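# Report on the structure
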Amino acid sequence: GQVLYMPMIFVSGATMPLSIMPDGLQAVSHWLPMTHIVILMHDVWFGSGVPMLSVWVLVGILVIGGALSARLFRWE
């Protein structure tokens, strides 16, 4: 899991601002769920309101992940 998690944190803007990253990396970062978490936390923390796109992306990931878990998990 760390092989996916650590690069996702680096590219999402959690470690350094997205604005200083190259354009290609910025485009890739908008497809990662961690970027939407960072955007949501930043906007709520600094009083910019709640970015509904980020909320809906995260809710969609939650629903899809929950459905896949319920379908594929087995105790065996």
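As the structure is a computational prediction, the values presented were derived from the model and not from experiment. (Residues numbered from 1 in each chain as written. Predicted model: local features only at pLDDT ≥ 70, side-chain atom pairs only at ≥ 80, totals over all residues. Heavy atoms only, no water.)

When you go through the chain residue by residue, the secondary structure sums to four helices and zero strands. With the C-alpha coordinates aligned to their principal axes, the bounding extent of the chain is approximately 45 × 30 × 20 Å. Taking all 76 residues of the chain together, 17% fall into the buried category. By sequence separation, contacts in the chain at least 24 residues apart represent 24% of the contacts at least 6 residues apart. (Helix = DSSP H or I, 4+ residues; strand = E, 2+ residues; numbered from the N terminus. Buried < 20%, exposed > 50% of the residue type's maximum accessible area, 1.4 Å probe, protein only. Contact = heavy atoms within 4.5 Å.)

With that settled, consider the packing of helix α3 (residues 33–45) against helix α4 (residues 52–72). For the pair α3 and α4, the least separation of the axes is 9 Å and the interaxial angle reads 140°. Considering their axes alone, α3 and α4 lie oblique with respect to each other. Of the two possible hands of crossing, α3 and α4 adopt the one that is left-handed. For the pair α3 and α4, the contacting residues are P33, H36, I37, I39 and L40 in the first and S54, V55, V57, L58 and I61 in the second. Considered class by class, the residues forming the contact of α3 with α4 number eight nonpolar, two polar and no charged. (Axes fitted to C-alpha atoms, helices over the stretch in contact; angles between N-to-C directions. Parallel < 35°, antiparallel > 145°, perpendicular 65-115°, else oblique. Left-handed = near helix turned anticlockwise from the far one by under 90°. Nonpolar A, V, L, I, M, F, W, Y, C, P; charged D, E, K, R; others polar.)

Turning our eyes to something else, we now look at the confidence of the model for the chain. Chain-level pLDDT for the chain is 92 on average; 100% of the residues reach the 70-or-more range. Here helix α1 (residues 2–12) stands out as the least confident element of the chain, with mean pLDDT 91; α4 is the most confident, with 95. (pLDDT = per-residue confidence, 0-100.)

This part covers the packing of aromatic side chains. Counted under the stated rule, the structure contains one aromatic pair. A ring pair is formed by F73 and W75, whose centres lie 5.2 Å apart and whose planes are at 80°; its orientation type is edge-to-face. For W75, a relative accessible area of 81% translates into the label exposed. (Phe/Tyr/Trp six-rings, centres within 6.5 Å; stacked < 30°, edge-to-face > 60°.)

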